[in-house]
Amino acid sequence: MVTIQKYVRAQSLEEAYTLNQNKKNRIIGGMLWTRLGRGSVGTAIDLCDLGLDRIEETEEEFSIGAMVTLRDIEVHEGLNAYAGHAVADAVKDIVGVQFRNMATVGGSIWGRFGFSDVLTVFLALDSYVELYRGGIVPLEEFANMKPDRDILVRLIVKKTPCRIIYSSVRNQRTDFPVLSCAVSHMNGEYRASIGARPGRAVLLRRESADDFPEFAAENVPVGGNMRGSAAYRTHLIKVLTERSLQGLRGE
Amino acid sequence: MEIKLKLNGRNITASVESDTVLLDFLREKGCLSVKRGCDTSNCGLCTVLMDGKPVLSCSALAVRADGHEIYTLEGLQEEASDFVGFIADQGADQCGFCNPGFVMNTIALLRENPDPTDDEIRAFLAGNLCRCSGYDGQLRGIRNYLNSKKG
Ligand SMILES: Cc1cc2nc3c(=O)[nH]c(=O)nc-3n(C[C@H](O)[C@H](O)[C@H](O)COP(=O)(O)OP(=O)(O)OC[C@H]3O[C@@H](n4cnc5c(N)ncnc54)[C@H](O)[C@@H]3O)c2cc1C
Ligand code: FES
Ligand code: FES
């Protein structure tokens, strides 16, 4: 387990950013992932005093602070009404309620984890991240950026009219997903976000739904690991995409 | 670092290292119901309530409790006594090791949702692992408790 020399509750984003430029220091969200690592952290930089634990909803968007927990997004009525319960569906099997009361949206998105249900679902929505220095960046672009020493301040989800369905396959209820899949229809196009390939989620777009399941199965790069083989994952991509499209059609 | 918190209803001040986890701090303070099972945030045995919400004390820094209110089973005996007998009646506890985590999270469940369905109970308690039972005993116990309240 990681050791920590010093703990600081940053009193401004500028303070947190300055501290974070030292490679020995680390921003902490829920610290659940960080804690399982090895080595030593010089200063653990806590953002908990910066009011980033709130979800703000306006006519145009949801602004989700980096310290908002996965449980907060699971039970947020506005967000789940907008996204047809897909956000709750995405996080509901992540370990347990106690875990989701701690794991943060900031840590989950920043980590760009291959297995992430969180990244998968938000990629299929009209999402952006606000970085302290980097400004507002589409989530799709952020997912492909190399981690640097910036700070993720909030996740923004625009209320673009959209329908979305989330599904995942797990070997056991609270295990990491074998495959995660979010399919949406927005601005006249279909989107499929496929995660746990086992690599980081990728986003595909298509004007027509007709051959989307086959297209996704052919074009999403997959690999095998202890949870499932590459061939099984390719099969799951087709099945989950097809089922999601049926769901979008109301079948 | 010095921290100030409310533990089981009492204000306390203590000195902790930056990386002391809440679990070790609470055990040092005599709250021995708080146990370490997996230490990897998977089993739910170390559940405590922070500002009323269930969290995993094995994975929370003690410094994060500064300015907050923590409850362990030691401080919630009365609330727990309402339903633990129903769980025991089902023989749900075999070795009993998982029990404090289950009880703490059941308290959180019933506060948030006083009349849960079986699926809601399963979903809320999914993060509490038990190596001895098949979870049915715990579910039956909670169900019987809820039925008994309805008369
Ligand atoms: C046992 C276990 C099981 C899991 N299962 C799943 C699962 O099934 N599905 C799933 O989607 N996820 C799963 N996760 C991942 C989990 O949901 C979180 O995404 C993960 O723990 C990171 O969130 P955190 O708040 O703990 O971040 P932390 O561990 O605190 O941080 C993670 C990284 O992000 C950096 N960071 C944190 N916040 C910021 C910020 N605001 N700005 C810049 N950098 C930041 C940290 O420095 C660190 O490098 C699992 C994790 C664990 C430990
Ligand atoms: S000991 Fe904390 S979750 Fe297992
Ligand atoms: S009764 Fe033994 S672990 Fe649950």
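Residues numbered from 1 in each chain as written. Chains lettered and ligands numbered in written order. Predicted model: local features only at pLDDT ≥ 70, side-chain atom pairs only at ≥ 80, totals over all residues. Heavy atoms only, no water.

Here the focus is the confidence of the model for chain B. In this model, chain B carries a mean pLDDT of 96, and residues with pLDDT of at least 70 account for 100%. Confidence estimates for the predicted assembly give a pTM of 0.98 and an ipTM of 0.97. (pLDDT = per-residue confidence, 0-100.)

In this section: the interface of chain B and chain A. In this assembly, 29 residues from chain B lie in contact with 27 residues from chain A. Across the interface of chain B and chain A, roughly 2200 Å² is buried in total on both sides, 53% from carbon and sulfur atoms. Counting every contact that joins chain B to chain A gives 14 residue pairs in polar contact (both at pLDDT 80 or more). Of all the secondary-structure elements, those providing two or more residues to the side of chain B that touches chain A are β4 (53–56), α4 (99–112) and α5 (118–124) of chain B. No other element matches the 4 residues that β4 of chain B contributes to the side of chain B that touches chain A. (Contact = heavy atoms within 4.5 Å. Buried area = accessible area lost by both parts, 1.4 Å probe. Polar contact = N/O pair within 3.5 Å; in protein donor to acceptor, adjacent residues only side chain to side chain. Helix = DSSP H or I, 4+ residues; strand = E, 2+ residues; numbered from the N terminus.)

Residues and elements named next belong to chain A. There is about 1100 Å³ of room inside the largest pocket. Lining the largest pocket are 48 residues, with Trp33, Thr34, Gly107, Ser108 and Phe113 positioned closest to its centre. Listed by contribution, the elements that provide at least two residues to the lining of the largest pocket are β2 (26–28), α2 (32–35), α7 (105–111) and α8 (117–123). Looking at which element gives the most residues to the lining of the largest pocket, the answer is α7, with 5 residues. Looking at side-chain class alone, the lining of the largest pocket contains 23 nonpolar, 16 polar and 9 charged residues. What the second largest pocket holds in volume is close to 660 Å³. (1 Å grid on protein atoms, 1.4 Å probe; cavity = no way out; pocket = protein on both sides within 12 Å on 5 of 7 lines; lining within 4 Å. Points joined across faces, edges and corners; volume = space filled by probe spheres on them. Nonpolar A, V, L, I, M, F, W, Y, C, P; charged D, E, K, R; others polar.)

Residue and element names in this part refer to chain B. With respect to the helices, strands and loops of the structure, Thr20 is situated in the loop between β2 (10–15) and α1 (22–28). Looking at Thr20, its side chain comes within polar contact range of the main-chain nitrogen of Glu17, at 3.2 Å. With residues up to four places along the chain from it excluded, the contact list for Thr20 reads Phe25, Ala60, Leu61 and Ala62.

Attention now moves to unusual backbone geometry. All names here are of chain A. The peptide bond linking Arg197 to Pro198 adopts the cis configuration, its omega dihedral lying at 20°. If you trace the backbone, Pro198 turns up in the loop between β11 (189–195) and β12 (202–206). Unlike most non-glycine residues, Arg112 shows phi in positive territory, near 45°. Mapped onto the elements, Arg112 comes out in the loop between α7 and α8. Relative accessible area serves as the criterion here: at 4%, Arg112 is assigned to the buried category. (Buried < 20%, exposed > 50% of the residue type's maximum accessible area, 1.4 Å probe, protein only.)

What follows deals with the site of ligand 1. The environment of ligand 1 is formed by 36 residues, the closest being Ile27, Gly30, Thr104, Ser108 and Asp117 of chain A. Neighbouring residues of ligand 1 are distributed over chains A and B. Interatomic distance of 2.8 Å between a backbone N/O atom of Met31 of chain A and an oxygen atom of ligand 1. In the environment of ligand 1, an oxygen atom lies 2.9 Å from a nitrogen or oxygen atom belonging to the backbone of Leu32 of chain A. Burial of ligand 1 by the protein amounts to 94% of the accessible area it has alone, namely 960 Å². Of the pockets mapped on this structure, ligand 1 occupies the largest pocket. For the shell around ligand 1, the elements supplying multiple residues, two or more each, are β2, α2, α7 and α8 of chain A. (Near = heavy atom within 4 Å. Areas by Shrake-Rupley, 256 points an atom, 1.4 Å probe, with all protein chains shown as cover. Sits in = over half its atoms within 2 Å of the grid points.)

Moving on to the sheet that holds strand β6 (residues 127–131) of chain A. Residues and elements named next belong to chain A. Read from one edge to the other, the open sheet built from 5 strands follows the order β4-β5-β8-β6-β7, with strand pairing classed as antiparallel. Among the strands making up the open sheet, the edge pair consists of β4 (55–57) and β7 (135–138). Each strand of the sheet is rotated relative to its neighbour by a mean of 20°, with strand direction disregarded. Sheet analysis places β4 next to strand β5 (residues 61–65), joined by 3 bridges and oriented antiparallel. Bridge pairing links Glu56 to Ser63 in β5. (Pairing = 2+ DSSP bridges. Axes fitted to C-alpha atoms, helices over the stretch in contact; angles between N-to-C directions.)

Further remarks concern the packing of helix α10 (residues 212–219) of chain A against helix α11 (residues 230–248) of chain A. Residues and elements named next belong to chain A. For the pair α10 and α11, the least separation of the axes is 8 Å and the interaxial angle reads 150°. Classed by the angle they form, the pair α10 and α11 counts as roughly antiparallel. As for the relative orientation of α10 and α11, their crossing is right-handed in sense. Taken together, the residues of α11 that come into contact with α10 (itself represented by Phe212, Pro213, Glu214, Ala216 and Ala217) are Thr234, Ile237, Lys238, Thr241, Glu242 and Leu245. (Parallel < 35°, antiparallel > 145°, perpendicular 65-115°, else oblique. Left-handed = near helix turned anticlockwise from the far one by under 90°.)

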